[in-house]
Amino acid sequence: MRKIAVATTGGDAPGMNAAIRAVVRLAESMDFNVVGIHRGYCGLIEEDFEELNARSVSGIINLGGTILRTIRCPEMETPEGISKASENLKKNHIDGVIVIGGDGSFRGAWALNKESGVPVVGIPATIDNDINNTDTTIGFDTAVNTALNAIDKIRDTATSHERVFVVEVMGRKRGFLALSVGLAAGAEIILVPEVPFLVDDLEQTLEEGRRKGKHSSIIVMAEGAGDSRLLTERIAKDLNYEARLSVLGYMQRGGNPTAASRILANRFGESAVQLISEGKGAKMVGVEGNNIISKPINQAWETPKKLDLSLYSLANKLAV
Ligand code: F6P
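This is a predicted model, so every value here is computed, not measured. (Residues numbered from 1 in each chain as written. Predicted model: local features only at pLDDT ≥ 70, side-chain atom pairs only at ≥ 80, totals over all residues. Heavy atoms only, no water.)

A. Spotlight on the pairing of strand β5 (residues 120–124). In terms of burial, β5 is largely enclosed, as five of its five residues are buried. Burial of the side chains of β5 extends over both faces: Val120, Gly122 and Pro124 are buried on one face and Val121 and Ile123 on the other. Here strand β4 (residues 96–101) pairs with β5 via five bridges, running parallel. In the sheet register, Val99 faces β5, and the bridge partner there is Gly122. In this fold, β4 hands off to helix α4 (residues 103–116), which returns the chain to β5; that crossover is right-handed. Note: β5 against strand β10 (residues 283–288), two bridges, orientation parallel. Among the inter-strand pairings, Gly122 is bridged to a residue of β10, identified as Met284. (Buried < 20%, exposed > 50% of the residue type's maximum accessible area, 1.4 Å probe, protein only. Helix = DSSP H or I, 4+ residues; strand = E, 2+ residues; numbered from the N terminus. Pairing = 2+ DSSP bridges. Right-handed = clockwise from strand over helix to strand, strands pointing away.)

Written out as structure tokens, the structure reads:
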């Protein structure tokens with residue numbers, strides 16, 4: 001009987017469990033045995049496996065995190081680690097691998113597929129949404145809503161105290177999370193790595209807002225856009241404003257996945273299992289509009305994903 005292995009790798013994202021559930025149940029419906037790999041690629045190197053079936057994945061669609069656990073595995077960036085992982089696929093008669101994770105995970109998937117010849121398919125799951133060839137990733141919608149709920153709360157106290165708040169959000173080196181959250185939150189200023197800014201210009205924007213009657217402002221800052229603490233201190237000092245910093249941090253990685261993240265996970269799982277059943281490896285699944293697509297997995301990192309700057313200019317127009 002053919003066997004599929006499924007793993008979650010890299011940073012966790014809400015909806016990974018929904019994807020695991022979809023892969024297990026759909027693979028079983030196509031007469032595959034399924035084995036879960038614990039702790040990402042390190043679990044493959046150490047043969048840390050768990051047999052999975054439809055019952056194993058009951059009651060997890062609504063849970064954040066990943067039941068398989070995940071760690072970042074530096075060994076998988078070495079020839080020895082890739083070779084060991086490849087050997088273990090063959091030793092355990094694994095006919096296909098589905099990796100649920102971000103771009104780092106996809107590099108490992110590509111290397112594993114190349115080394116072993118076993119089809120490996122990537123499912124994009126990261127709160128950063130920084131993977132090319134897909135409009136969005138599992139977990140991104142959930143993280144946007146988690147950060148948005150937090151910022152709505154922060155705005156209450158910012159308004160009450162007539163303060164400027166710098167809110168730092170995740171996103172690694174990109175601004176996808178910050179831009180979506182900032183637009184949804186009605187932030188006065190959004191700072192993303194893709195658009196350099198001058199503090200003087202930012203302060204002038206705040207002063208103009210104050211002249212127009214704004215007594216408080218929210219600045220959403222991507223963690224890759226600069227030092228949020230220094231910026232907050234600079235604003236307080238230069239403008240004699242009460243300025244505060246709120247770093248949202250790891251709450252953006254957890255929580256119950258939204259419907260959108262769960263539905264995306266189900267659709268990606270279906271497409272990934274189908275690709276494996278056809279022996280089509282070194283692929284990633286993605287979504288374009290409402291269509292699920294598949295692309296060569298190496299394009300995920302070879303072509304940087306573009307930030308939609310029309311959303312950036314819309315946010316600026318609305319923040320008057
Ligand atoms: O890739 C997801 C992410 O949360 C990034 O937004 C963030 O910069 C990074 O992971 C944090 O990495 P770690 O979980 O290893 O601290």
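B. Structural context of the domain arrangement of the protein chain. Assigned domains within the protein chain: domain 1 (2–139 + 257–302) and domain 2 (143–253). Computed over C-alpha atoms, the centres of domain 1 and domain 2 are 35 Å apart. Taken together, the contact pairs eleven residues of domain 1 with ten residues of domain 2. Our count for the contact surface shared by domain 1 and domain 2 stands at two salt bridges. Linking Asp128 and Arg172 is a salt bridge whose minimum nitrogen-to-oxygen distance equals 3.8 Å. Where domain 1 touches domain 2, the interface holds two residue pairs in polar contact (both at pLDDT 80 or more). (Domains from an automatic or database assignment. Contact = heavy atoms within 4.5 Å. Salt bridge = Lys/Arg side-chain N within 4 Å of Asp/Glu carboxyl O. Polar contact = N/O pair within 3.5 Å; in protein donor to acceptor, adjacent residues only side chain to side chain.)

C. Region of the structure containing the layout of surface pockets. Its boundaries defined by the atoms lining it, the largest pocket holds a volume of some 850 Å³. In this structure, the largest pocket is lined by 39 residues; those nearest its centre are Arg72, Asp103, Gly104, Ser105 and Arg172. Elements that contribute at least two residues to the lining of the largest pocket include exactly α4 and α10 (299–302). Among the elements that take part in the lining of the largest pocket, α4 stands out by supplying six residues, more than any other. Its residues placed into classes, the lining of the largest pocket shows 14 nonpolar, twelve polar and 13 charged. Taken together, domain 1 (2–139 + 257–302) and domain 2 (143–253) each give at least three residues to the lining of the largest pocket, which thus spans both. Counted as a void, the second largest pocket has a volume near 350 Å³. Residue lining of the second largest pocket: 20 residues in total, with Glu188, Ile189, Asp201, Thr205 and Asn316 positioned closest to the centre. If you list the elements that add at least two residues to the lining of the second largest pocket, you get β7 (189–191), α7 (199–211) and α11 (309–318). The element that contributes the greatest number of residues to the lining of the second largest pocket is α7, accounting for six residues. Looking at the lining of the second largest pocket residue by residue, the class counts come to eleven nonpolar, four polar and five charged. (1 Å grid on protein atoms, 1.4 Å probe; cavity = no way out; pocket = protein on both sides within 12 Å on 5 of 7 lines; lining within 4 Å. Points joined across faces, edges and corners; volume = space filled by probe spheres on them. Nonpolar A, V, L, I, M, F, W, Y, C, P; charged D, E, K, R; others polar.)

D. Region of interest: the state of the cysteines. Across all of its chains, the model carries one disulfide by this definition. In this model Cys42 forms its disulfide with Cys73; the gap between the sulfur atoms is 2.3 Å. Here Cys42 and Cys73 share a disulfide; its torsion about the S-S bond, 100°, makes the bridge right-handed. In this pair, Cys42 is assigned in helix α2 (residues 40–45) and Cys73 in the loop between β3 (49–52) and α3 (79–91), connecting sequence segments 31 residues apart. Accessibility expressed as a relative area gives 6% for Cys42, which makes it buried. On the basis of relative accessibility, which here comes to 9%, the residue Cys73 falls in the buried class. (Disulfide = S-S within 2.5 Å.)

E. Region of interest: the sheet that holds β5. One open sheet accounts for seven strands, arranged β3-β2-β1-β4-β5-β10-β11; its pairing is mixed. Each having just a single partner strand, β3 and β11 (291–296) make up the two edges of the open sheet. Taking the axes of each pair of neighbouring strands and ignoring which way they run, one obtains an average angle of 30° across the sheet. Both strand β1 (residues 3–8) and strand β2 (residues 33–37) contribute to a ladder of five bridges, which runs parallel. Each residue of the ladder has a partner; that of Ile4, found in β2, is Val34. Sheet strands in contact with helix α1 (residues 16–29) are β1, β2, β3, β4 and β5, and its direction is about 160° off that of β4. (Axes fitted to C-alpha atoms, helices over the stretch in contact; angles between N-to-C directions.)

F. Just unusual backbone geometry, in detail. The phi dihedral of Glu47 falls on the positive side, at around 55°, and the residue is not glycine. If you trace the backbone, Glu47 turns up in the loop between α2 and β3. In this structure Glu47 comes out as partly exposed when scored by relative accessible area, which is 28%. A positive phi is found at Glu162, a non-glycine position, where the angle reads about 50°.

G. Structural detail: the site of the ligand. If you check the shell around the ligand, you find Arg72, Ile127, Asp128, Met170, Gly171, Arg172, Glu223, Tyr250 and Arg253 and nothing else. The separation between an oxygen atom of the ligand and a polar side-chain atom of Tyr250 is 2.4 Å. Against a free-state accessible area of 400 Å², the protein chains account for coverage of 77% of the ligand. Of all the cavities here, the one that holds the ligand is the largest pocket. Here the residues of the shell around the ligand are counted per class, giving three nonpolar, one polar and five charged. Mapping the shell around the ligand onto the domain boundaries places at least three of its residues in each of domain 1 (2–139 + 257–302) and domain 2 (143–253). (Near = heavy atom within 4 Å. Areas by Shrake-Rupley, 256 points an atom, 1.4 Å probe, with all protein chains shown as cover. Sits in = over half its atoms within 2 Å of the grid points.)

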